[in-house]
Amino acid sequence: MTEKQIEIELKLRIDPKHVARLKNAPVLREVKEGRRLLTTHLVSIYHDTPKLSLADKGLAVRLRKKGARGWEQTVKATNGLREALPERNEWTVELEEGALDLDRFTDKDVKKLLKKFVKKKKIERIFESDLKRGAVDLTYRDAVMELAIDQGVVRAGDKEAPISEVEFELKKGHPAALFDLALELQRTVPLLLSMRSKASRGRDLYLGRGPGAYRAAPVALTPDMSAETAFRLVLAQGLRMILSNEVCVRQDIDVEGCHQMRVGMRRLRVALNLFKKNLPAGEAVLLRRLLKQCSKGLDDLRDWDVFLGETLPMIEARFPEHGGIPQLRKAAEKQRAAALAAAHDMLDQPEYGQLLLILGAWASYSRWASGASAEQMKAMAAPVSEMAEPLLDQAYNRVTKRRAQIADLTIPQLHALRLDVKQMRYGTEFFGAIYGAKKVKKFRTKLVGMQEILGQLQDAAVAEKRLMALAPQLSKDGMIAVGLISGWFGARADHKLEGLQQAMQGFTDQKPFWK
C-alpha cells in the first residue's frame, strides 16, 4: 500500500431495510463485473486532544482493526472541500499492534503536519466506530471506484449513534461517474446525499452536541474569483443549509430548522435565476422544478409554525378572555400535525433525493457546463465582479419600479414585491463581499427593513387564509374569534403599509453600493 493517497468519496445515507435491495440492484450487478462484495468487521478508534484541536485544523488521526488482517493507522487532512465530494490527503501505515505510533510515518508531508499540529500535544482516544463493511470494486464507464456499504454504530463513552451509509470512493476517472452511478441506483433504491463523516458524528457525541437549526455563514467571494467558482460556492451554501436542517424537520425538534431549510432552497432558486443567462437549459430547468416542488412540501409546515409560534400568541395577548381563541389553537395544532406529515412525505420522495445529488454534483465540479455555449463558458470563466453589477442592477430595478404606486398595490402585487426584495437581499448577500463592507451593510439594513414589513404583511395574509381553513372545525365562538382577528389584521396591515412607503423611500434615497 502506498503511504500517501488522495481520497475522493461520495457519501450517501441508506435505510438499513433497503440494503438488500441495493446489493441486488441490476445496475450494481452489471458494474461489479462478477466481483463479490467482501464483508469485513472494522473497528476504528479516533484520536485527538481533549479539546479536539486536531479536528479544528482539519486533521483526523485514526487507528483501525480490519477483521483478522491486523491494524493500520491513518492521518487524514482536508485538501479543499468540494462540499458534497470531500477531497482529502490520506496517509496510512500498517501496525503489528493496536497502539498509535505516529513515528512510523515516513512521508515528509505528513511528518511536517504532525510536527506542526501534534508534537507535544496530549493525544487520546476520543470515540470509535464499530461496523461491518461490505466492499467491492466497480467499473463504471471510464471510472474505477470502490463501493462500501457500512452498517454499525459510532460510539463515544456510553453514547452511541447508528451508522447506515454507502460510500463511493474514486480510484480512477472523473468524479462525475460517482454522481451518475448514484443517480442510476437511486431509481431503484432510496439513497440520500450525506455531508457528515463518521468523525463528525463521533465528535458531536463526544461533545454532547445535539442537532439544531443551522444558519449559513456569508459566502466568501473575492473580486477576482471566477463567476463559476462563485456560483458553485453559492450552491454549496444552499445545499448545506438544506442538509443541515433536514434533521430538524424529520425529528420535529426546532421550528427554525424548517425555516432555514426553506431559506436554503429559496437562495438556490435565486442563484439559478441570477445566473440563468449563463446556464444552459436542461438540468438547470430540472433543478428549478425540483427546488420549487420540494420547497412547496415545506410551505404549510412553515406557515403553521409562524401562526402557532408568532401570530397566535399576539392574538391571545390581544383577546385574552375570548372563548373562541383556545379552539383556534387546538384546530391549528391539528393542521400543523398534518403539515408535518406532508413534509416528511416530501423528504421520502425520490425527487428530494434527486435534488440533493444533482446539487451536490453542480457544487462539486462543472456539471452545469454540459451543453453550454462558448459565450456562456466565457462569461462563467470571467471574474465574478464583471457579472455582479448588471445582475444587481436588474434586481434593484425590479424592486424600485413599483415605488410610485406602493400605496395602491394589491395583496398579490405586495407578494410579488416581497419576492423581488428577497431576491435583491440574496443578491446583496451573494455579491456583497466583493464591495466595501460599510456600504453593503448600510444598504442591506434598509433592504431588510423593507423585507420585514413585507414579511409581516404576508404573514397577515397567510394567517387570514389559515383562519378560514380552520372554519369547519370551529364552533360559533370560534367563528366570532375569526371575525375579530380578521378585523384586527386589517387595521395592522393599514399601519404597516404606511411604514412600507417610508421604508421604500429610505431605500431608494441611498446610492447602490455597487455604483
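Structure shown above.
Residues numbered from 1 in each chain as written. Predicted model: local features only at pLDDT ≥ 70, side-chain atom pairs only at ≥ 80, totals over all residues. Heavy atoms only, no water.

Once that is clear, we can look at the pattern of salt bridges. Side-chain pairs of opposite charge can arise where the charged atoms are in close proximity. Using the criterion set out here, one finds 38 salt bridges in the structure. For Asp150, the salt bridge goes to Arg133, with nearest N and O atoms at 2.7 Å. Pair noted here: Asp150 is in strand β7 (residues 143-156) and Arg133 is in strand β6 (residues 124-140), with a separation of 17 residues, a long-range link. We classify Arg133 as buried; its relative accessible area is 14%. For Arg250, the salt bridge goes to Glu246, with nearest N and O atoms at 2.5 Å. Of this pair, Arg250 and Glu246 both sit in helix α7 (residues 227-251), separated by four residues, roughly a single helical turn. Among the charged side chains, a network of salt bridges with common partners joins Glu9, Lys11, Arg88, Arg133, Asp150, Glu165, Glu167 and Lys198. (Salt bridge = Lys/Arg side-chain N within 4 Å of Asp/Glu carboxyl O. Helix = DSSP H or I, 4+ residues; strand = E, 2+ residues; numbered from the N terminus. Buried < 20%, exposed > 50% of the residue type's maximum accessible area, 1.4 Å probe, protein only.)

Moving on, we come to the packing of aromatic side chains. Evaluation of the coordinates by the stated rule reveals 13 aromatic pairs. Seen in terms of ring centroids, Tyr46 and Phe127 are 4.7 Å apart; in terms of plane orientation they differ by 15 degrees. Their pairing is stacked. Highlighted residues: Tyr46 in strand β2 (residues 38-48) and Phe127 in strand β6, separated in sequence by 81 residues. Among the residues examined, Phe127 registers a relative accessible area of 5% and is labelled buried. Here Trp304 and Phe307 contribute two aromatic rings whose centre-to-centre distance is 5.6 Å and whose plane-to-plane angle is 85 degrees, an arrangement assigned as edge-to-face. Linking Trp304 with Phe307, this pair stays in helix α9 (residues 283-318), spanning three residues, or about one helical turn. Positioned over the ring face of Phe319 is Arg318, at 5.1 Å from the centre of the ring. (Phe/Tyr/Trp six-rings, centres within 6.5 Å; stacked < 30°, edge-to-face > 60°. Lys NZ or Arg CZ within 6 Å of the ring centre and 35° of its normal.)

This part takes up the packing of helix α13 (residues 384-400) against helix α14 (residues 411-431). Packing of α13 against α14 leaves a shortest axis separation of 9 Å and a crossing angle of 160 degrees. When the axes of α13 and α14 are compared, the pair comes out roughly antiparallel. Like other packed secondary-structure pairs, α13 and α14 cross with a definite hand, here left-handed. Every residue of α14 that contacts α13 at Val384, Ala388, Leu391, Leu392, Ala395, Tyr396, Arg398 and Val399 is listed here: Leu417, Asp420, Val421, Gln423, Met424, Gly427, Thr428 and Phe431. (Axes fitted to C-alpha atoms, helices over the stretch in contact; angles between N-to-C directions. Parallel < 35°, antiparallel > 145°, perpendicular 65-115°, else oblique. Left-handed = near helix turned anticlockwise from the far one by under 90°. Contact = heavy atoms within 4.5 Å.)

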